Every structure is written in structure tokens, then in C-alpha cells.
Amino acid sequence: KQKKRHMGDTKHFCPVSLKENFVLYPGLQEHAAKYKEKIYYFSTSEYRDKFLKNPEEYVAHKEPLQAPPLRVCLLGIHGAGKSTCARQIADKLGIFHIQFEEYLQELILPKTKKKVGPSFDEDHEDDNKIPEELEDFSQTMTKTEPEKTKQEVQLTDEEEAIKANLMDNMELPPKVLDKIIPAWWKKEPFRSTGFILDGFPRTSAEARYLSEQGLCPDVAVYIQVEEDDILGRLFPLRLKKWKDRQRKKKEYKKKLKELKAKKRV
């Protein structure tokens, strides 16, 4: 019989990934090494070599090694109830709730001044814009405000990529993801507290990005919901928005009619 293997402090997880990235990354048998009669597994050969140069930096001494906090990816189609579930889980476990799409909105909101995307573009401001020839009779709009807005909306290439993702579901390039995703694994306060990431990854390319970067969630949960349930949940809200738009259009037409009457006088 094969003798029982004496595993290292991190068991089958890579000790270098735990020390440097605070991530439990499974090691591979082909990248194993023995130190003080214990066997350690590593995620890459480079990490194995790094361990062998200074093993005392990666092993436990007086106290056991600290395990990283819980990191969860919550997935599901629009309307499945991800955000509601995520908030409840985050409150119960004392971890952060990160709503990915909402986070993207916040990154460009200082410049766009409003949220963008199919759910927010139903109200077209130009439809309710007072014609220039009637602006002098309007107390709610001046000629300088539209010009000021145009000057403020100067998006960088990265911000344009985020806007395209929100509006047309275009994939975010890796250089944009690099500035957003790794921080949730590697920087405080997320690094030591943990989080539930709501709505990411959404595509196979984004899942590959996490894998290639070594950013492993401890749990990935997919919420599956029947279409009828989603329809019953979303339709009343959409209907309310439609009624609000119809009311605004009616008020706009009334206001426009009054301004035209003032101009004739």
C-alpha cells in the first residue's frame, strides 16, 4: 500500500497563491514539492520554484495560515432576482454586495449625468426639448445649459467601452477589466471581508478572464427562473414607466401649446 501522504499547511491548495494573492487556488500534482516531510502542491511551476527558494515565507509557524474570506459569483438572466438574493446573502454573511452593472454605471455617471442602457433610454430628452424659437418664453431652460452639457460629456476610450457594454452589450476589453475586477480580490476592504459579485461573469470570455487571472470564486451560483415568473415581476414596473412617459408627453404638448400662444401674443 502507498504510504499516507503528509500534506502541507494549505492541503491541496497552492501556498504561494494564498500568501501573495489571498486566493485558494488548487495545486496540481505535476507541480508538487516536498518540504520538511510534507508535500505541497502549486498552481504553476513558477510558484513551485518561488516556494523552494524561500519556503519559510509560505508555511505556518506559530499560528495556522489564515484562510481567505468567502467570494461568491451570482449569475442569472435579467429579472431572475439576483440583486435581491445577493443583498440578503451579503447582509447575513457580513460580506460586500457588488452589483456589477450598477458599478459600471457609477464609473461613467459623473460625465453622462444619467444612467445609460436599454432600461434607461426609453425617455428621449430630445423629444421633450423646447424648440429654439420658443426658448425665450420658457422659464425652465436656457441656451447655455445644452452647451455646458456637451462640454462635460468627454468620455475616455475606457469610458466609451463601458458605455458600449451597458447600451449594446459589447464585451469589455481586458484593459478595462484589469482596472475593475482584480481589486475586489486583492485590495482592501474587499480582500479581507469577502463579497458576493452580482452579474459577473456574464460571458465565457469573462469567465476565462477570471481563470487566467487566477481570480477564483469559492462558489458560483446560477439562478434559474421560469419566463412567466420574470414577466410577472417586470411587467408592472415597465407598465408604470410607460404611463409616466405618456403623462410627461401630455404635459410637454400642453406646455408647448402655451408657449406658442405666448409668442403669438
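Figured I'd write up the structure that's included with this text.

Analysis parameters
Residues numbered from 1 in each chain as written. Predicted model: local features only at pLDDT ≥ 70, side-chain atom pairs only at ≥ 80, totals over all residues. Heavy atoms only, no water. Helix = DSSP H or I, 4+ residues; strand = E, 2+ residues; numbered from the N terminus. Buried < 20%, exposed > 50% of the residue type's maximum accessible area, 1.4 Å probe, protein only. Contact = heavy atoms within 4.5 Å. Salt bridge = Lys/Arg side-chain N within 4 Å of Asp/Glu carboxyl O. Phe/Tyr/Trp six-rings, centres within 6.5 Å; stacked < 30°, edge-to-face > 60°. Pairing = 2+ DSSP bridges. Core = buried A, V, L, I, M, F, W, Y, C linked by side-chain atoms within 4.5 Å. Patch = residues over 30% accessible without salt bridge, like charges linked within 9 Å, V, L, I, M, F, W, Y side chains within 5 Å. Areas by Shrake-Rupley, 256 points an atom, 1.4 Å probe, with all protein chains shown as cover.

## Considerations on the environment of Phe-42
- Note that Phe-42 resides in strand β2 (residues 38-42).
- For Phe-42, a relative accessible area of 0% translates into the label buried.
- Spatially, the C-alpha atom of Phe-42 lies 7.0 Å from that of Phe-13, the residues being 29 residues apart in sequence.
- Not counting residues within four places of it along the chain, the set of residues in contact with Phe-42 comprises Cys-14, Pro-15, Val-16, Gly-27, Leu-28, His-31, Ala-32, Ala-33, Tyr-47, Arg-48 and Phe-51.

## As for the pattern of salt bridges
- Applying the stated criterion to the full structure yields nine salt bridges.
- With a shortest N-O distance of 3.6 Å, Arg-48 and Asp-49 are connected by a salt bridge.
- Between Lys-115 and Glu-102 there is a salt bridge, with the nearest N and O atoms lying 2.8 Å from each other. Of this pair, Lys-115 sits in the loop between α4 (100-112) and α5 (144-152) while Glu-102 is found in helix α4, placing the two residues 13 residues apart along the sequence.
- For Lys-115, a relative accessible area of 28% translates into the label partly exposed.
- Glu-102 gets classed as partly exposed once you look at its relative accessible area, which sits at 29%.

## Quick look at the packing of aromatic side chains
- Overall, the coordinates contain nine aromatic pairs when judged by the stated rule.
- Plain terms: the ring middles of Phe-96 and Phe-190 are 4.8 Å apart, the flat faces sit at 55° to each other, and that makes the pair tilted. Within this pair, whereas Phe-96 is found in strand β4 (residues 96-99), its partner Phe-190 is found in helix α9 (residues 190-193), the two being separated by 94 residues in sequence.
- When its relative accessible area of 21% is taken as the criterion, Phe-190 is described as partly exposed.
- When the centroid spacing of 6.3 Å and the interplanar angle of 85° are considered together, the rings of Phe-100 and Trp-184 count as edge-to-face.

## Re unusual backbone geometry
- Here Glu-188 and Pro-189 are connected by a cis peptide whose omega angle stands at 5°.
- If you trace the backbone, Pro-189 turns up in the loop between α8 (182-186) and α9.
- The phi dihedral of Lys-11 falls on the positive side, at around 55°, and the residue is not glycine.
- If you check the backbone angles, Asn-169 has positive phi at about 60° while not being a glycine.
- Summarising the element assignment, Asn-169 is placed in the loop between α6 (157-168) and α7 (174-178).

## Re the pairing of strand β1 (residues 28-35)
- Bridge count between β1 and β2: five bridges; the pairing is antiparallel. By the bridge assignment for β2, Lys-34 is matched with Ile-39.
- Here β1 folds back onto β2 in antiparallel fashion, the turn holding two residues, of which Lys-36 has a positive phi close to 50°.

## Things to note about the nonpolar core
- Counting 23 residues, the largest nonpolar core has Phe-100, Ile-181, Trp-184, Trp-185 and Leu-197 as its most contacted members.
- Of all the secondary-structure elements, those providing two or more residues to this core are α4, α6, α7, α8, β5 (195-198) and α10 (204-213).
- If near-sequence neighbours (up to four positions away) are discounted, Leu-197 is found in contact with Val-72, Cys-73, Leu-74, Ile-98, Phe-100 and Trp-184.
- Formed by nine residues, the second largest nonpolar core is a distinct cluster that contains Cys-14, Tyr-40, Phe-42 and Phe-51.

## Some words on a nonpolar patch on the surface
- A cluster of nonpolar residues, Leu-70, Ile-89, Leu-93, Val-219 and Val-221, forms a patch on the protein surface that exposes about 350 Å² of accessible area.
- Looking at the nonpolar patch, the elements with two or more residues in it are α3 (82-93) and β6 (219-223).
- Inspection of the secondary structure puts Leu-70 in the loop between α2 (45-53) and β3 (71-76).
- On the basis of relative accessibility, which here comes to 32%, the residue Leu-70 falls in the partly exposed class.

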